[in-house]
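Here is what each chain is made of, one letter per residue.
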Amino acid sequence: MSTTAVSANESAAEYSNPIFKELDFPQDPNNLYHQTVETMLHAADIIDLKHRVKIILAQPKNEVMVHFPVRMDDGHHRLFKGYRVQHNNALGPYKGGIRFHHDVHLDDVKSLALLMTMKCSLVRVPFGGGKGGVKVNPREHSAREMERITRRFCSAIMNIIGPEYDIPAPDVGTSAQNMAWFADTYMMSNEGKAANDGLRVVTGKPVEFGGSLGRTKATGQGVVDTLVELLPEVGLETKGMRVSLLGYGNVGSWAGRILHDMDAKIVAVADHTGAIRDDKGLDAHRLAEHCEKHGGVAGFAGDAITTDEFYQTQVDVLIPAALEQMITDREAAMINAKIIAEGANAPCTPEGDRVLSERGIEVIPAILANAGGVAVSYFEWVQNKTSSYWDIEQVDRELNRHMVMAARRTVVARQKYGVDLRTAAYIAALDHIGKAYSVRGIFP
Ligand code: NAD
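Nothing here was measured: the structure is a model prediction, and the numbers come from that model.

S.K.: If you had to explain the nonpolar core to someone new, which residues and values would you point to?
M.R.: Residues M118, I319 and L430 are the most contacted members of the largest nonpolar core, which totals 89 residues. Sorting elements by how many residues they give to this core places helix α16 (residues 421-440) first, with 10 residues. Discounting residues that sit within four places of it in the chain, I319 has contacts with V223, L227, V243, S244, L245, L246, A255, L259, A341 and G343.

Structure follows, in structure tokens:
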């Protein structure tokens, strides 16, 4: 670069926050990590969070990238790329899911890891934030290939994870089965050292192999618990409430089934295979079975509609439960809902958020709405550590308590600072982390 020319990156005025310049962030407002840090710093500035905590939280502590070969069923080998990002462990071991998706990038994983730090702090589970991913399309591989990919990825990152240090879990494209292979690989490789204790290296395991009752539905259940707590704020009740869901995988289908059982009406659902609508209400349980069997919502009863028609459907609640950055200003302008509960992580872009706010549509942010998964992951970890099993009533009761308290913390912050729910949730999370750093200090 020329020494005389002043690049865009050198002009402080170009940066939305001086921390970006100080840390030499590339100027890319469409980048998910940039957006996530910006949201966090906005809340941090409002509460005058110490500068040292802001710069620590603006970058992950560790970013690990691995490449590993796996034998395919036809005998040839393919090389895969994987990531594990450890964002922050001020409050406890790193915690966060592993995503298997063909479009996973380091910056996405960094964003999701930061969100985990915020989430754990907001719901007060003693974990920090981490996230992992492998660039792979699970739909293109047999179960045997997926097992080898999972085991080999576990082996590739084994030295940087552990039951007291960094504890993965399922995310998009991974399930309890992947976690069972992961735990088994870790335990077999650490026999004598970790033995049974190694079970705790991942959560979201099958119940037969150290998993917790209620973990599979936990994130969807947490979305519903949060909604129920906050619905009176927008004058709604679950009975007869019209709901649409974007994504009908783990989070979406459980939120849908639980709301269906509470007499809400699921009127529209969209996923990667298409979109459907039924004004009288779709059978959420049968739809889940259909998706299990056919891989998506396409072909289920109801009218097949376009994605735009899906967003335009008049509902009380829209639950995005698919991927990041799906609701831009374009989708936000079409949405016909009173409240959005973010089951997915970062489903709204900042521009989308701005349009929703202008249109008076309330958004329950992901770090609050979808924190149920990590709450029950924590319960699973505790059960494994104490060799005990909780019944489903205990899991649901504790989950509800964590979600309701987190929702109340958010509402209190909103009232105190006069901000939107997203900023309020970050404030409640950052305040807790800030206090931890105040008493811990910064080593040495
Ligand atoms: P999943 O793989 O079970 O389901 C993903 C859903 O998204 C599927 O229905 C899929 O069809 C849909 N989808 C994918 N691409 C799409 C597209 N282009 N358009 C429309 N739909 C599309 O994943 P999941 O575990 O349910 O996770 C969903 C979201 O929730 C992710 O953002 C994830 O990070 C977040 N989340 C999950 C958990 C958990 O416990 N599983 C916890 C917290 C947050």
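There is more to say after this.
S.K.: Talk me through unusual backbone geometry; I want residue IDs and the actual numbers.
M.R.: In this chain, F443 is followed by P444 through a cis amide linkage whose omega measures 5°. Within the secondary structure, P444 sits in the segment after α16. If you check the backbone angles, Q325 has positive phi at about 55° while not being a glycine. With respect to the helices and strands, the residue Q325 is situated in the loop between β10 (317-320) and α11 (329-334). Even without glycine at this site, S387 takes up a positive phi of about 50°. Following the sequence through the fold, S387 ends up in the loop between α14 (372-385) and α15 (392-417).

S.K.: Mind laying out the sheet that holds strand β7 (residues 265-271), listing which residues take part and the relevant values?
M.R.: What the seven strands build is an open sheet, ordered β9-β8-β7-β6-β10-β11-β12; its pairing is mixed. Looking along the sheet, the strands with just one partner apiece sit at the ends: β9 (303-305) and β12 (362-364). Across the sheet, the mean angle separating the axes of adjacent strands is 20° when strand polarity is ignored. With two bridges connecting them, β10 and strand β11 (residues 339-341) associate as parallel partners. Paired with L318 across the strands is I340, a residue of β11.

S.K.: Which residues make up the sheet that holds strand β2 (residues 77-88), and what are the values?
M.R.: Remark on secondary structure: sheet strands pair via backbone hydrogen bonds, oriented parallel or antiparallel. The strand order across the open sheet built from five strands is β1-β2-β4-β3-β5, with neighbouring strands paired in mixed fashion. A strand with exactly one partner marks an edge of an open sheet, and here the two such strands are β1 (62-71) and β5 (166-170). For this sheet the average axis-to-axis angle between neighbouring strands, irrespective of direction, equals 25°. Pairing analysis gives 10 bridges linking β1 to β2, with the strands arranged antiparallel. Considered in β2, the bridge of P69 is made with L79. Helix α5 (residues 143-157) contacts β1, β2, β3 (94-101) and β4 (129-135) of the sheet and is inclined by roughly 140° relative to β1.

S.K.: Outline the layout of surface pockets, supporting the account with residue identities and numerical values.
M.R.: In this structure, the second largest pocket spans a volume of roughly 610 Å³. Forming the boundary of the second largest pocket are 28 residues, of which T39, D353, D420, R422 and T423 lie nearest the centre. Looking at the lining of the second largest pocket, the elements that each hand over two or more residues are α2 (32-46), α12 (350-358), β12, α13 (366-369) and α16. For the lining of the second largest pocket, the residue count by class is 13 nonpolar, eight polar and seven charged. Each of two domains, domain 1 (12-57) and domain 3 (218-364), supplies a minimum of three residues to the lining of the second largest pocket.

S.K.: So what's going on with the pattern of salt bridges? Which residues, and what values?
M.R.: Oppositely charged side chains can pair when the atoms bearing their charge come close. Throughout the structure, instances matching the rule amount to 29 salt bridges. The residue D73 makes a salt bridge to R148 at a minimum N-O spacing of 2.8 Å. Separated by 75 residues along the polypeptide, D73 in the loop between β1 and β2 and R148 in helix α5 bring together distant segments of the chain. In this structure, E164 engages K385 in a salt bridge whose closest nitrogen and oxygen atoms are separated by 3.1 Å. Placement of E164 in the loop between α5 and β5 and of K385 in helix α14 is noted, with a sequence separation of 221 residues between them.

Reading guide: rules and limits
- Residues numbered from 1 in each chain as written.
- Predicted model: local features only at pLDDT ≥ 70, side-chain atom pairs only at ≥ 80, totals over all residues.
- Heavy atoms only, no water.
- Core = buried A, V, L, I, M, F, W, Y, C linked by side-chain atoms within 4.5 Å.
- Buried < 20%, exposed > 50% of the residue type's maximum accessible area, 1.4 Å probe, protein only.
- Helix = DSSP H or I, 4+ residues; strand = E, 2+ residues; numbered from the N terminus.
- Contact = heavy atoms within 4.5 Å.
- Pairing = 2+ DSSP bridges.
- Axes fitted to C-alpha atoms, helices over the stretch in contact; angles between N-to-C directions.
- 1 Å grid on protein atoms, 1.4 Å probe; cavity = no way out; pocket = protein on both sides within 12 Å on 5 of 7 lines; lining within 4 Å.
- Points joined across faces, edges and corners; volume = space filled by probe spheres on them.
- Nonpolar A, V, L, I, M, F, W, Y, C, P; charged D, E, K, R; others polar.
- Domains from an automatic or database assignment.
- Salt bridge = Lys/Arg side-chain N within 4 Å of Asp/Glu carboxyl O.

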